[in-house]
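# Inside the fold
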Amino acid sequence: MDSLYGDLFWYLDYNEDGTLDISELQEGLEDVGVIHSLEEAKKNFTTEDVNKDGKLDFEEFMKYLKDHEKKMKLAFKSLDKNNDGKIEASEIVQSLQTLGLTISEKQAELILQSIDADGTMTVDWNEWRDYFLFNPITDIEEIIRFWKHSTGIDIGDSLTIPDEFTEDEKKSGQWWRQLLAGGIAGAVSRTSTAPLDRLKIMMQVHGSKSDKMNIFGGFQQMVKEGGIRSLWRGNGTNVIKIAPETAVKFWAYEQYKKLLTEEGQKVGTFERFISGSMGATAQTFIYPMEVMKTRLAVSKTGQYSGIYDCAKKILKHEGLGAFYKGYVPNLLGIRPYAGIDLAVYELLKSYWLDNFAKDSVNPGVMVLLGCGALSSTCGQLASYPLALVRTRMQAQAMLEGSPQLNMVGLFRRIISKEGIPGLYRGITPNFMKVLPAVGISYVVYENMKQTLGVTQK
């Protein structure tokens, strides 16, 4: 084994100076198909460079590989349930289930194919070692995270359900960097699609008054009434509420997760869905800002000078209760959205893995973004009538001569006067903003992660 590692060292040492630098490590590993990004190379290099001199000498290189091999051996044995020296698809399924992740045997076979070098549909120790040799992975949980990242079978990537963070990420500060990157991405995405969002709200609130409130006519009316800048009316509140909403949602999710699982138990799909869809905590906290966002979006030029003025006038003329108008339909819409979004996303990913994964089980960015956009659209479609009623309840005090109806009364009124299509007014601009919102937020999120020094999972 020492001979094998020695040969590898001298193969990577292109300039034959007895040390390896970052460029040699990256270029050499890319040549043998082990690593594919500068970020991964840097992560390996930092792990291996014990004396932090920016280079790896022969002793450091050998020490790293021997230490890493011991950890890989333990991980291999923990997966090899029947101790026959080989990992089979059924053993992968069993091990993933203990970590709260359910996959089919066919999907497990796809994982095996990515590691299996001799085509036997089993992985022996040599294949396992060669595959994970230069991935800085120390135990079975990290290997599962590597698979989840590289194969696209990770669960719970929902707009409602927060991301999972390991203890190491929490201790190192990676978690807040990821949340900050997500917040900035959300702000840019919301601002970019704000005109469509305001048009959706206007069609939800005023759609019943005029059949001319279509997309083109709606933009014309808004620009005529308040100029180009009016297209972003209410966006400030929408952006400001990202920070408290994310913070409370993350805190609440962690608390609910602890209540639903015993100490040391892994969080499964069901627990993630229940914890994530208990969004009432975050919604209760930031809901007054939702009401102000709607009021500002529907308002006429000069009606409010800003967020503070809007809050002051609502409190003065309508009382504290006005800040929670529409709260019940909003709350009722969380569960169907979260459940359908998550279920459709998992269904689409499983379908891709079962039907299109051949040489690789990694679906790629475009497939994952497409799955996310489609699942989000399905979730919105299911919960949209409740969202429309919520918006009208938030804004009905601003409409002259409009009766102040509760949720049931509004449903009855909309169906009797506008029919079922009335429950879906404004859904076209809402769907139009999904793809650009997903694309923009992804690009900004990835760039912000690099800027903030977030390491890849």
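Keep in mind the model is a prediction, meaning the values are calculated, not measured. The numbering scheme is per chain: residues are counted from 1 as the chain's sequence reads. In keeping with the predicted nature of the model, local features appear solely for residues at pLDDT of at least 70, side-chain atom pairs appear and are counted solely at 80 or more, and the whole-chain, interface and lining totals rest on all residues. Here the side-chain values reflect all heavy atoms present in the structure, with hydrogen atoms and water set aside.

## Looking at unusual backbone geometry
The condition is simple: Note on classification: 1.4 Å probe, protein chains only; a residue is buried when its accessible area is under 20% of the maximum for its type, exposed when over 50%, partly exposed between these limits.
For Asn-83, which is not glycine, the phi torsion reads 55° and is therefore positive. Its relative accessible area of 65% is what places Asn-83 among the exposed residues.

## Some details on the packing of helix H11 (residues 194-206) against helix H12 (residues 215-226)
For the record, the criterion: To get an axis, fit a line to the C-alpha atoms, keeping to the stretch in contact for a helix; angles then go from 0 to 180 degrees between the N-to-C directions. A run of H or I in DSSP becomes a helix once it reaches four residues, and a run of E becomes a strand once it reaches two; helices and strands are each numbered from the N terminus. In what follows, roughly perpendicular refers to angles from 65 to 115 degrees, roughly parallel to angles under 35, roughly antiparallel to angles over 145, and oblique to any angle outside these ranges. Two residues form a contact once any of their heavy atoms are found within 4.5 Å. Only Asp, Glu, Lys and Arg are considered charged, only Ala, Val, Leu, Ile, Met, Phe, Trp, Tyr, Cys and Pro nonpolar, and every remaining residue, Gly among them, polar.
With their axes 10 Å apart at the nearest point, H11 and H12 run at an angle of 100° to one another. The pairing of H11 with H12 is recorded here as roughly perpendicular in orientation. Here H11 contributes Pro-195, Leu-196, Arg-198, Leu-199 and Met-202 to the contact with H12, which in turn contributes Ile-215, Gly-218, Phe-219 and Met-222. Of the residues belonging to the contact of H11 with H12, the class tally is seven nonpolar, one polar and one charged.

## Details of the environment of Ala-297
As for its position among the elements, Ala-297 is in helix H16 (residues 280-298). Taking C-alpha positions, Ala-297 is 9.6 Å from Ala-395, a pair spaced 98 residues apart along the chain. Ignoring sequence-local partners within four residues, the contact set of Ala-297 consists of Arg-198, Ile-201, Met-202, Arg-233 and Gly-234.

## What to know about the environment of Tyr-327
In this structure, Tyr-327 sits in helix H18 (residues 327-355). Separated by 44 residues in the primary sequence, Tyr-327 and Gln-283 have C-alpha atoms spaced 8.6 Å apart.

## Quick word on the packing of aromatic side chains
The geometry of an aromatic ring pair is captured by the separation of the ring centres together with the interplanar angle, meaning the angle of the planes. As a reminder of what qualifies: Put simply, two rings from Phe, Tyr or Trp (the six-membered ring, in Trp's case) pair if the centres are within 6.5 Å, and we call them stacked under 30 degrees between planes, edge-to-face over 60, tilted for the rest.
One pass over the structure, following the stated rule, counts four aromatic pairs. Note on Tyr-287 and Tyr-324: the rings are 5.9 Å apart at their centroids and 20° apart in plane angle, and the pair reads as stacked. Taken together, the residues span a long stretch of sequence, with Tyr-287 in helix H16 and Tyr-324 in the loop between helix H17 (307-318) and H18 at a distance of 37 residues. On the basis of relative accessibility, which here comes to 0%, the residue Tyr-287 falls in the buried class. Arranged with centres 6.0 Å apart and planes meeting at 10°, the rings of Tyr-384 and Tyr-424 form a pair that is stacked. On the criterion of sequence distance, the pair formed by Tyr-384 in helix H19 (residues 364-395) and Tyr-424 in the loop between helix H20 (407-418) and helix H21 (427-432) is long-range, its members being 40 residues apart. In this structure Tyr-384 comes out as buried when scored by relative accessible area, which is 3%. Since its relative accessible area comes to 29%, Tyr-424 is described here as partly exposed.

## Overview of helix H22 (residues 434-452)
Structurally, the α-helix is built with 3.6 residues per turn, so residues lying three or four positions apart point the same way. Convention followed: By definition here, a helix of n residues has an expected span of 1.5 Å times n minus one. The arc refers to the directions leading from the helix axis to the C-beta atoms.
Along its 19 residues, H22 runs 26 Å from first to last C-alpha, staying within 8% of the 27 Å computed at 1.5 Å per residue. Considered for burial, the residues of H22 that qualify are Val-434, Ala-437, Val-444, Met-448 and Lys-449. For H22, the arc enclosing every buried residue in end-on projection is 140°, short of the 170-degree limit, so these residues lie on one face. Exposed side of H22, more than 90 degrees from the buried face: Leu-435 and Gln-450 are the residues found there. One or two steps after H22, the chain reaches Gly-453, where phi turns positive at roughly 75°.

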